[in-house]
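What the coordinates show
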Amino acid sequence: MKILIVGSGGREHALTWTLSKDRNVNEIYAAPGNPGIAEIATCVPINSTNIDELASFATKHAIELTVVGPEAPLGAGIVDTFRKKKLPIFGPDKLAARIETSKSFAKDLCTRYALPTPHWETFIDKNKANRALDDLGPPWVIKADGLAAGKGTTVTRDRREAEAAIQRELVREPKRIVMEEFIDGWEASFTATVSADRVQWLAPVFQDYKPAFDGDSGPNTGGMGVYAPVPSVTQSIVERVRKKILDPAVAALAKEGAPFQGVLYLNVIVKHGTEDPYVLEFNARFGDPETQGIIPLVKDGLSAHLSAVAANSDRPPLPESSKSASVVVVLASKGYPENPSTGELIALRPLANSNIVVFHAGTARNPNGQLVTAGGRVLNVTTTGPSVESARKDAYSVIGKSVYFPGMHYRTDIGSSQMRRRQLEPIKT
Ligand code: GLY
């Protein structure tokens, strides 16, 4: 099978890495890819939102499956264009992708179909939103309605910070915000594929670390690391997420005339002291860095599964997976997330252990061919092992020794806590 991967991050490197070892796959292209992907596939310099050029490339090279990583091309209608041209593609169309690209659409769907989600309200007017802060009381949760590259959510008790978030997010398209009830609990990432209006494959449940620094302090990021299994995720919680959120969301989208086909990744919060899950966010694509954690657990058969989902088969063959633990530590550039530095030389020495893989995200080659930093999240150190403790020990053992760049920062507590509560920044005075 000939495959085209759309995207250039750690998630796309992980997908390429496993597909390059898949027995059904003989050629992989990535657009635009990154230097890590370039070691195992052919990178083509087409931006991930340049849909017409991607479709021409897929036609010319007789691509048998295109796998879309990021949300922006889904929101821009890549799947609609490819399907019109009869090009097989894994992902939802533009209408179904609204479950991620429009928070108000997702929230409205939850309300109309009784899916558990925190109470919410939308605002387009700054003064009305500021007045609502009084009615709601702290802590406040303020979200951009549209795509914000993982940076559109503010959770705070600080009135000035809440007002600044309202002002900032109302400037972003579509100039609308969602304010949400704060739920005290712990979060987890659920990933499932959907084909023929049915939930098919539930990948292991991960916990993502969004804040930049240890102890859940600092600004929100795209994700600084993940681990699985999460001890607090019981079988009963998984079943509740499936019965109360996943299955009804998929049915609701079909009923609304926007059937979902692809991967749904849910950000769920479980109220502290209960087993009650509430959906905080739907994502119409694989998580990043969750995928870097999921992929090393997939032994074989991902191409057959993705291909069958792309064909809307009612029983896609499930990929074979291992039950090992998995840990991903993100190495970020100095200044990330506000102002990441770029162009720093990266030292990446060969790793002795086969249970450790380093996936590239924000990397590039400079004019001398040297590997340099080129974004906020630079590398993902991914390890597997018999337990989270052993996997995290292996991950941290190579950081700074085999993998290093000036200004590199990372969290030292990925996978270290048993149950993480949603934390709030102390009030700034
Ligand atoms: N893990 C965060 C995201 O993929 O949006």
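Heads up: the structure comes first, above all this text.
A brief report on the enclosed structure follows. (Residues numbered from 1 in each chain as written. Predicted model: local features only at pLDDT ≥ 70, side-chain atom pairs only at ≥ 80, totals over all residues. Heavy atoms only, no water.)

**Here's the deal with the pattern of salt bridges**
Close approach of charged atoms allows side chains of opposite charge to pair. Going through the model one piece at a time under the given rule, you end up with 20 salt bridges. Between Arg 285 and Glu 100 there is a salt bridge; the shortest N-O distance is 3.0 Å. Of this pair, Arg 285 sits in the loop between strand E17 (277-283) and helix H11 (290-294) while Glu 100 sits in helix H6 (residues 94-101), and the two are 185 residues apart along the sequence. Just as Arg 285 is buried, Glu 100 falls in that class too. Linking Lys 143 and Glu 281 is a salt bridge whose minimum nitrogen-to-oxygen distance equals 3.2 Å. On the criterion of sequence distance, the pair formed by Lys 143 in strand E7 (residues 140-144) and Glu 281 in strand E17 is long-range, its members being 138 residues apart. Each member of the pair, Lys 143 together with Glu 281, is buried. Through salt bridges that share partners, Lys 107, Lys 143, Glu 180 and Glu 281 make up one connected network. (Salt bridge = Lys/Arg side-chain N within 4 Å of Asp/Glu carboxyl O. Helix = DSSP H or I, 4+ residues; strand = E, 2+ residues; numbered from the N terminus. Buried < 20%, exposed > 50% of the residue type's maximum accessible area, 1.4 Å probe, protein only.)

**Considering the packing of aromatic side chains**
Under the counting rule described, the total for this entry stands at 5 aromatic pairs. Between Trp 17 and Phe 359, the aromatic rings sit 5.6 Å apart at their centres with planes inclined by 80°, giving edge-to-face as the arrangement. Of this pair, Trp 17 sits in helix H1 (residues 10-19) while Phe 359 is found in strand E22 (residues 356-360), placing the two residues 342 residues apart along the sequence. Looking at Trp 17, the relative accessible area reads 22%, which means it is partly exposed. Its relative accessible area of 0% is what places Phe 359 among the buried residues. Residues Tyr 396 and Tyr 410 carry aromatic rings whose centres are separated by 6.2 Å and whose planes lie at 35° to one another, so their mutual orientation is tilted. Here Tyr 396 is found in helix H13 (residues 388-398), whereas its partner Tyr 410 is found in the segment after strand E26 (403-404), with 14 residues between them in sequence. (Phe/Tyr/Trp six-rings, centres within 6.5 Å; stacked < 30°, edge-to-face > 60°.)

**Notes on the packing of helix H8 (residues 126-136) against helix H9 (residues 159-171)**
Between H8 and H9, whose axes approach to 10 Å, the crossing angle comes to 150°. Considering their axes alone, H8 and H9 lie roughly antiparallel with respect to each other. In this structure, the crossing between H8 and H9 has a hand that is right-handed. Contact with H8, carried on its side by Lys 126, Ala 129, Asn 130, Leu 133 and Asp 134, involves Arg 159, Ala 162, Glu 163, Ile 166, Gln 167 and Leu 170 of H9 and no other residues of that element. (Axes fitted to C-alpha atoms, helices over the stretch in contact; angles between N-to-C directions. Parallel < 35°, antiparallel > 145°, perpendicular 65-115°, else oblique. Left-handed = near helix turned anticlockwise from the far one by under 90°. Contact = heavy atoms within 4.5 Å.)

**Let's talk about the sheet that holds strand E6 (residues 120-123)**
If you trace the 4 strands from one edge of the open sheet to the other, you get E6-E9-E7-E8, paired in antiparallel fashion. Each having just a single partner strand, E6 and strand E8 (153-156) make up the two edges of the open sheet. Strand after strand, the sheet turns through a mean of 20° between neighbouring axes, direction not considered. As paired elements, E6 and strand E9 (residues 177-180) share 4 bridges and run antiparallel to each other. In the sheet register, Phe 123 faces E9, and the bridge partner there is Ile 177. (Pairing = 2+ DSSP bridges.)

**What to know about the side chain of Asp 413**
You can see Asp 413 is positioned in the segment after E26. A distance of 2.9 Å separates polar atoms of two side chains, one belonging to Asp 413 and the other to Arg 411. Ignoring sequence-local partners within four residues, the contact set of Asp 413 consists of Tyr 209, Asp 214, Gly 215, Asp 216, Arg 392 and Tyr 396. (Polar contact = N/O pair within 3.5 Å; in protein donor to acceptor, adjacent residues only side chain to side chain.)

**Points about the site of the ligand**
Close contacts around the ligand come from Asp 208, Lys 210, Gly 222, Tyr 265, Arg 285, Gly 287, Asp 288, Pro 289 and Glu 290, and that covers them all. Within the side chain of Tyr 265, a nitrogen or oxygen atom sits 2.9 Å from a nitrogen atom of the ligand. Residue Asp 288 places a main-chain N or O atom 2.9 Å away from an oxygen atom belonging to the ligand. About the coverage of the ligand: the protein hides 90% of its 200 Å² of free accessible area. Taken together, the residues of the shell around the ligand break down into 2 nonpolar, 2 polar and 5 charged. (Near = heavy atom within 4 Å. Areas by Shrake-Rupley, 256 points an atom, 1.4 Å probe, with all protein chains shown as cover. Nonpolar A, V, L, I, M, F, W, Y, C, P; charged D, E, K, R; others polar.)

**So, H6**
Along H6, the residues classified as buried are Ala 96, Ala 97, Ile 99, Glu 100 and Thr 101. Where H6 is buried, its residues contact helix H4 (71-75), helix H7 (103-112), helix H10 (235-255), strand E16 (262-271) and E17.

**Here's the deal with the side chain of His 13**
Its location among the elements puts His 13 in helix H1. Looking at His 13, its side chain comes within polar contact range of the main-chain nitrogen of His 360, at 2.8 Å.

**Overview of the nonpolar core**
Counting 77 residues, the largest nonpolar core has Ile 78, Ile 99, Phe 190, Phe 282 and Leu 331 as its most contacted members. Broken down by element, the residue count for this core peaks at 9 residues, all from H10. Once residues lying within four places of it in the same chain are set aside, the contact partners of Phe 282 are Ile 99, Glu 100, Ala 106, Cys 110, Leu 115, Ile 245, Ala 249, Leu 264, Tyr 265 and Leu 266. Counting residues in hydrophobic clusters, the runner-up holds 32 residues, among them Ala 30, Phe 286, Leu 306 and Phe 359. (Core = buried A, V, L, I, M, F, W, Y, C linked by side-chain atoms within 4.5 Å.)

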